[in-house]
Amino acid sequence: SVLRWLDRLTRLRDRGAAMPAHLETGLIGEEAAFFELLRRGFRVVAQRWNDGPMPGDLDLIAWDGDVLCFVEVKTRTSRDVATATSAVDRHKRKTLRRLARHYLRHLPRSPDGEDQPPTRFDIVTVYELPGKAREITLIPGAFGWSEGSPSNRTPECPDRPGRIQVGCPAGF
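Below: a short report on this structure.

The rules behind the values
- Residues numbered from 1 in each chain as written.
- Predicted model: local features only at pLDDT ≥ 70, side-chain atom pairs only at ≥ 80, totals over all residues.
- Heavy atoms only, no water.
- Helix = DSSP H or I, 4+ residues; strand = E, 2+ residues; numbered from the N terminus.
- Expected span 1.5 Å × (residues − 1).
- Buried < 20%, exposed > 50% of the residue type's maximum accessible area, 1.4 Å probe, protein only.
- Core = buried A, V, L, I, M, F, W, Y, C linked by side-chain atoms within 4.5 Å.
- Contact = heavy atoms within 4.5 Å.
- Patch = residues over 30% accessible without salt bridge, like charges linked within 9 Å, V, L, I, M, F, W, Y side chains within 5 Å.
- Areas by Shrake-Rupley, 256 points an atom, 1.4 Å probe, with all protein chains shown as cover.
- Salt bridge = Lys/Arg side-chain N within 4 Å of Asp/Glu carboxyl O.
- Phe/Tyr/Trp six-rings, centres within 6.5 Å; stacked < 30°, edge-to-face > 60°.
- Lys NZ or Arg CZ within 6 Å of the ring centre and 35° of its normal.

## A look at helix H2 (residues 21–39)
Spanning 19 residues, H2 covers 27 Å between terminal C-alpha atoms, matching the ideal 27 Å at 1.5 Å per step. Those residues of H2 that sit buried are Gly 29, Glu 30, Ala 32, Ala 33, Phe 34, Glu 36 and Leu 37. Positive phi shows up at Gly 41, right after H2, with a value of about 95°.

The following block contains the structure:
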């Protein structure tokens, strides 16, 4: 039973662990987005960040001047179905916000313990269309910390004015 399972696992491994096409496309897009951000003067500090058992990851984390940007990259090989940005739906935005709050908790605090950097959620779309040049679009401030918040600033925690939502109750 255990030996059969190990034999099966070995056979599956030896078949050649080809990455599914959609994952390979995503990695190509993330690499293209990485270099596009560098070209635009961003300083990328993390790729595919996840710390722990939480589902999901932050594709890129980068500084645009003094603004810390959490960048979601969406890559498509066709325009036939849905736009790349439509894949960043409410559920995906909630996941990205949760991961970003978790990342911010790991940043060193200022001496007064209050400061966090201004933040922004960006989307980079990458279209790899057959026979055409690669198209890369950066959408700065594509969404905010909550569904109704302005996208270009870090919102304050309602019960602690002046503090960002990192330490706020769940749901923000």
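## Observations concerning the nonpolar core
In this structure, Leu 58, Ile 61, Leu 68, Phe 70, Tyr 103 and Phe 121 are the most contacted members of the largest nonpolar core, which totals 17 residues. Within the residue set of this core, elements represented by two or more residues are strand S1 (43–49), strand S2 (58–64), strand S3 (67–76), helix H3 (90–105) and strand S4 (119–127). Among the elements that make up this core, the one with the highest residue count is H3 (five residues). When neighbours within four sequence positions are excluded, Phe 70 is seen to be in contact with Leu 58, Leu 60, Ile 61, Ala 100, Tyr 103, Leu 104, Thr 119, Arg 120, Phe 121, Asp 122 and Trp 145. Core analysis: the next-biggest nonpolar cluster, separate from the first, contains 15 residues, Ala 33, Phe 42, Leu 60 and Cys 69 among them.

## Observations regarding H3
The terminal C-alpha atoms of H3 lie 23 Å apart, and with 16 residues this matches the ideal 22 Å at 1.5 Å per residue to within 8%. Buried residues of H3: Lys 92, Arg 93, Thr 95, Leu 96, Arg 97, Leu 99, Ala 100, Arg 101, His 102, Tyr 103 and Leu 104, and no others.

## Looking at a nonpolar patch on the surface
Residues Met 19, Leu 23 and Leu 27 make up a contiguous nonpolar surface patch of about 240 Å² in total accessible area. Following the sequence through the fold, Leu 27 ends up in helix H2.

## Section: the pattern of salt bridges
The full count for this structure, using the stated rule, is eleven salt bridges. A salt bridge links Arg 120 to Asp 64; its shortest N-O distance comes to 3.0 Å. Of the two residues, Arg 120 sits in strand S4 while Asp 64 sits in strand S2, which places them 56 residues apart along the sequence. Classification of Arg 120 by relative accessible area gives buried; the value is 14%. Overall, the relative accessible area of 27% leaves Asp 64 in the partly exposed class. Each of the salt bridges in this network shares a partner with another, and the network as a whole consists of Glu 36, Arg 39 and Arg 40.

## Here's the deal with the packing of aromatic side chains
Aromatic ring pairs are defined here through the distance separating the ring centres and the angle between the ring planes. Across all of its chains, the model carries seven aromatic pairs by this definition. Taking 4.8 Å as the distance between ring centres and 20° as the angle between the ring planes, the aromatic pair formed by Phe 121 and Phe 143 counts as stacked. Here Phe 121 is found in strand S4, whereas its partner Phe 143 is found in strand S5 (residues 135–143), with 22 residues between them in sequence. Just above the ring of Tyr 127 sits the side chain of Arg 79; from NZ or CZ to the centre is 3.8 Å.

## Here's the deal with the environment of Thr 119
Considering the arrangement of structural elements, one finds Thr 119 in strand S4. A relative accessible area of 2% places Thr 119 in the buried class. Placed 26 residues apart in sequence, Thr 119 and Trp 145 show a C-alpha to C-alpha distance of 9.2 Å.

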